[in-house]
Amino acid sequence: MLIAAAVCPCPPLLVPEVAAGAAPELDGLRSACAEAVRALAAARPERLIVVGPAEPARRGPHAQGAAGSFRGFGVEVDVRLGAPAAEAVSGGDGAAEGRPSPSLPSSLAVGAWLLEHAGWDPAVPVEGLGVGEPLEGERCIEVGRELAGRAERVALLVMGDGSACRTLKAPGYLDERAAAFDAGVARALAAADTGALAALDEELAYELKAAGRAPLQVLAGAGAGARLKGELRYDEAPYGVGYFVASWSS
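The notes below deal with the structure included here. (Residues numbered from 1 in each chain as written. Predicted model: local features only at pLDDT ≥ 70, side-chain atom pairs only at ≥ 80, totals over all residues. Heavy atoms only, no water.)

**Let's talk about the overall build of the protein chain**
Then comes step 1: A count of helices and strands for the protein chain gives nine helices and nine strands.
Then comes step 2: In terms of overall dimensions, the protein chain is globule-like: its C-alpha atoms have a radius of gyration of 17 Å, near the 18 Å expected for 250 residues.
Then comes step 3: Along the longest, intermediate and shortest principal axes, the C-alpha atoms of the protein chain span 50 × 45 × 30 Å.
Then comes step 4: Across the protein chain, every contact between residues at least 6 apart in sequence was considered, and the portion connecting residues at least 24 apart equals 75%.
Then comes step 5: With the model as given, the accessible surface of the protein chain reaches about 10,700 Å², and the carbon-plus-sulfur share is 51%.
Then comes step 6: If the 22 positive side-chain charges of the protein chain are averaged to one point and the 32 negative ones to another, these points end up 3 Å apart. (Helix = DSSP H or I, 4+ residues; strand = E, 2+ residues; numbered from the N terminus. Rg over C-alpha atoms; globule rule 2.2 N^0.38 Å. Contact = heavy atoms within 4.5 Å. Areas by Shrake-Rupley, 256 points an atom, 1.4 Å probe, with all protein chains shown as cover. Lys, Arg positive; Asp, Glu negative; His and termini not counted. Charge placed at Lys NZ, Arg CZ, Asp CG, Glu CD.)

**Examining unusual backbone geometry**
Where the residue is not glycine, phi is negative for most of them; where a peptide bond is considered, it is trans in most cases.
Then comes step 1: Its identity as a non-glycine residue notwithstanding, R44 has a phi of 55°, on the positive side.
Then comes step 2: Relative to the assigned elements, R44 resides in the loop between α2 (27–42) and β2 (47–53).
Then comes step 3: Relative accessible area serves as the criterion here: at 68%, R44 is assigned to the exposed category. (Buried < 20%, exposed > 50% of the residue type's maximum accessible area, 1.4 Å probe, protein only.)

**What about the sheet that holds strand β9 (residues 243–249)?**
Then comes step 1: Across the sheet, seven strands lie side by side as β3-β6-β2-β7-β1-β9-β8; this open sheet has mixed pairing. The open sheet terminates on both sides in strands that have one partner only, identified here as β3 (60–62) and β8 (229–236). The average angle at which neighbouring strand axes cross in this sheet is 20°, direction not considered.
Then comes step 2: Relative to strand β6 (residues 126–131), β2 runs parallel, the two sharing six bridges. (Pairing = 2+ DSSP bridges. Axes fitted to C-alpha atoms, helices over the stretch in contact; angles between N-to-C directions.)

**Concerning helix α6 (residues 178–190)**
Then comes step 1: Given a rise of 1.5 Å per residue, 13 residues ought to cover 18 Å, and the 18 Å separating the end C-alpha atoms of α6 matches this to within 8%.
Then comes step 2: Buried within α6 we find A178, F181, D182, V185, A186, A188 and L189. Buried residues of α6 fall within an arc of 165° about the axis and therefore sit on the same side. In α6, the exposed positions that point more than 90 degrees away from the buried face belong to A180 and R187.
Then comes step 3: Elements that come into contact with the buried residues of α6 comprise β1 (2–8), α7 (194–198), α8 (202–207), α9 (213–223), β8 and β9.
Then comes step 4: A192 lies just past α6 and shows a positive phi near 50°. (Expected span 1.5 Å × (residues − 1). Arc of directions from axis to C-beta.)

Just distances and angles here, no functional claims.
Following this line, the structure appears as structure tokens:
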């Protein structure tokens with residue numbers, strides 16, 4: 001049964017080393033994410049599942065300890081899903097240190113980084129699930145129900161961005177529909193409204209480059225009937241991309 005959830009965006013820029021000189025611009029977002037992860041820990045789940053968008057080669061389940069990396073962004077930062085921060089490898093020659101090849105999609109690597117830096121209890125099992133943007137809404141709902149049934153006390157960390165079309169300089173350029181789409185998502189997260197998330201327009205989300213649509217609909221399936229309360233901690237669009245941070249709890 002789902003007893004708690006957190007929603008966070010998944011730009012690699014959340015990792016300060018990746019953001020470099022622009023890192024302070026997202027300090028408020030990092031703080032909100034840390035608070036949401038701490039709220040997850042306070043719910044005392046038996047199992048945490050991190051869900052986020054993934055490219056085809058990295059979709060599907062990822063076991064605890066799966067490796068992720070931000071070396072593709074020019075920084076020597078590696079993470080492991082659910083591992084304590086002391087066990088994450090950072091810097092040096094990965095091959096010489098026996099560093100495993102990264103298997104986590106970028107979204108789950110960001111999630112792993114958030115867990116490490118929030119001091120997630122390594123005694124609480126963590127697993128990941130990479131979902132594809134094309135996954136139909138009905139299937140997302142089914143997957144969410146399956147995840148919620150994994151244990152009596154399941155928590156989700158849902159990684160995903162809103163539209164990428166909020167400004168002229170946004171990755172998807174300006175689309176006048178983007179603000180309304182993101183506002184609807186924000187309202188649904190604030191109210192823990194699983195019905196509204198389940199009803200997100202898949203085609204519109206695709207056109208607006210909303211990478212979080214499928215993970216959010218997985219959350220809708222997991223949270224249906226759980227009667228959780230929502231709290232919206234962050235709702236901004238830096239760089240023209242909608243970023244949300246929310247907590248759902250009993």
